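Residues per chain are reported as follows:
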Amino acid sequence: MSTMQFDKIALIGIGLIGSSIARAVKLKGLAREVAISSRSRLTLERAEALDLGTHYYEIARDCVRDADLVIVSVPVGASGAVAEEIAGTLKPGAILTDVGSTKASVISQMLPHVPEGVHFIPGHPIAGTEHSGPDAGFADLFEGRWCILTPVEGSEAEPIAQLRRFWETLGSKVEEMDPVHHDKVLAIVSHLPHIIAYNIVGTAADLETVTESEVIKYSASGFRDFTRLASSDPTMWRDVCLHNKDAILEMLARFSEDLAYLQRAIRWGEGDKLFDLFTRTRAVRRSIIEAGQDTAAPDFGRHIKTTP
């Protein structure tokens, strides 16, 4: 068991990330109380049935009262409204953070509502699956994964260190980053791949006569992986696109240029260019495995861990 780090942790939103945090906090004994809030009564009842917390609230401002650590885990487009709602009941000295995959937009939405004396430290655990809801979480989701902190100007060192220790205890490797730089990095490593997946699966769906037979029946691992990404939460990814649009559009432009280069190489039979590209991208895959961010073991069903 780990040493208790907070008397009370409040989780606003209890989907995949929120429920995984709740499970890890309970498993490691990091807080005396875990208060959970969701606007959905059904979601809240399911979280209670799973025994994810100690107290449950439909009203977020009631959930955060007296909390030492408040983690906002909602679609990024709702971040500002949540910050406005809970501002009046945040405890002086509390740490307020989030888990959204866009940071500049979240900061611009939340920061104006953060009361003086509350330590606002935006964050982003780079971990997840295509599943959503309180049942989707598991305690070791963050093991060996990165968590990026993007402290706002004037942030104090000790609360940052405290939040860093929290994520490290959950198993994450923690790094600090400028929020704009974070958004550009995530646009290429996460946002663009999901957009491409949504697009290619959408293209296949438009070919209805094919989709109803060969595409579904003979799906190879490449298309299956695209469908896995494209089954992620629509609300979350709609908000990501709208709230990181500049970085995403920049990466889409670059991708379009590289796609045109590939198209020309195929058209003109330029095998040397194709071989060079495929060799370079193969090396990227090997680097990801060597960095411990995936495994080379076959896993055709993409099974995930199921630690409670």
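Anything mentioned here points back to the structure above.
A short tour of the structure in this document, coming up. This one's a predicted model, so the numbers in the text were calculated from it and none came from an experiment.

**Topic: the overall build of the chain**
For the chain, the count of helices and strands is twelve helices and nine strands. Each of the three principal axes of the chain carries a C-alpha extent, and together these read 65 × 40 × 35 Å. Residues classed as buried in the chain amount to 41% of the 308 residues present. Accessible area for the chain stands at about 16,300 Å²; split by element, carbon and sulfur atoms hold 56% of it.

**Structural notes on the nonpolar core**
Core analysis: the largest hydrophobic core is formed by 35 residues, its most contacted members being Ile9, Leu11, Ile21, Phe166 and Trp167. Contributions of two or more residues to this core are made by β1 (6-12), α1 (16-28), β2 (31-37), α2 (41-49), β4 (69-72), β8 (146-149) and α6 (157-169). Sort the elements by how many residues they give to this core and α1 lands first, with six residues. Contact partners of Ile9, with chain neighbours within four places excluded, come to Val25, Ala31, Glu33, Val34, Ala35, Leu69, Ile71 and Phe166.

**A word on the sheet that holds strand β5 (residues 95-98)**
The six strands are arranged β3-β2-β1-β4-β5-β6 in an open sheet whose pairing can be described as parallel. Pairing within the sheet leaves two strands with one partner each, and these edge strands are β3 (55-57) and β6 (119-120). By the bridge criterion, six bridges tie β1 to β2 in an arrangement that is parallel. Bridging from a neighbouring strand, Ile9 pairs with Val34 of β2. Along the sheet, α1 contacts β1, β2 and β4; its crossing angle with β1, the most-contacted strand, is approximately 160°.

**Some details on the packing of aromatic side chains**
By the definition in use, this model includes three aromatic pairs. Judged by centre distance (6.0 Å) and plane angle (75°), the ring pair of Phe6 and Phe166 falls under edge-to-face. Remark: Phe166 occurs in helix α6 and Phe6 occurs in strand β1; sequence separation between them is 160 residues. For Phe6, a relative accessible area of 4% translates into the label buried. Relative accessible area serves as the criterion here: at 0%, Phe166 is assigned to the buried category. Measuring from centroid to centroid gives 5.3 Å for Phe142 and Trp167, while their planes differ by 75°, and the two rings are edge-to-face. On the criterion of sequence distance, the pair formed by Phe142 in the loop between β7 (123-125) and β8 and Trp167 in helix α6 is long-range, its members being 25 residues apart. Both residues of the pair, Phe142 and Trp167, belong to the buried class. In this structure an aromatic cluster arises from ring pairing among Phe6, Phe142, Phe166 and Trp167.

**Points about the pattern of salt bridges**
Scanning all chains against the criterion turns up 18 salt bridges. A salt bridge links Glu85 to Arg61; the shortest N-O distance between them is 3.9 Å. Of this pair, Glu85 sits in helix α4 (residues 79-86) while Arg61 sits in helix α3 (residues 60-63), and the two are 24 residues apart along the sequence. On the accessibility criterion, Glu85 (22% relative accessible area) is partly exposed. Three or more residues joined by partner-sharing salt bridges are found here, namely Arg39, Arg61 and Glu85.

**What to know about the sheet that holds β8**
One open sheet accounts for three strands, arranged β7-β8-β9; its pairing is mixed. Where the open sheet ends on each side, the last strands, each with one partner, are β7 and β9 (173-176). Between one strand axis and the next, the sheet turns by 20° as a mean value, whatever way the strands run. Two strands pair when backbone bridges link them, and β7 and β8 are joined in this way by three bridges, in the antiparallel orientation. Residue pairing for β8: Pro125 is matched across the bridge by Cys147.

Scoring rules and cut-offs
Residues numbered from 1 in each chain as written. Predicted model: local features only at pLDDT ≥ 70, side-chain atom pairs only at ≥ 80, totals over all residues. Heavy atoms only, no water. Helix = DSSP H or I, 4+ residues; strand = E, 2+ residues; numbered from the N terminus. Buried < 20%, exposed > 50% of the residue type's maximum accessible area, 1.4 Å probe, protein only. Areas by Shrake-Rupley, 256 points an atom, 1.4 Å probe, with all protein chains shown as cover. Core = buried A, V, L, I, M, F, W, Y, C linked by side-chain atoms within 4.5 Å. Contact = heavy atoms within 4.5 Å. Pairing = 2+ DSSP bridges. Axes fitted to C-alpha atoms, helices over the stretch in contact; angles between N-to-C directions. Phe/Tyr/Trp six-rings, centres within 6.5 Å; stacked < 30°, edge-to-face > 60°. Salt bridge = Lys/Arg side-chain N within 4 Å of Asp/Glu carboxyl O.

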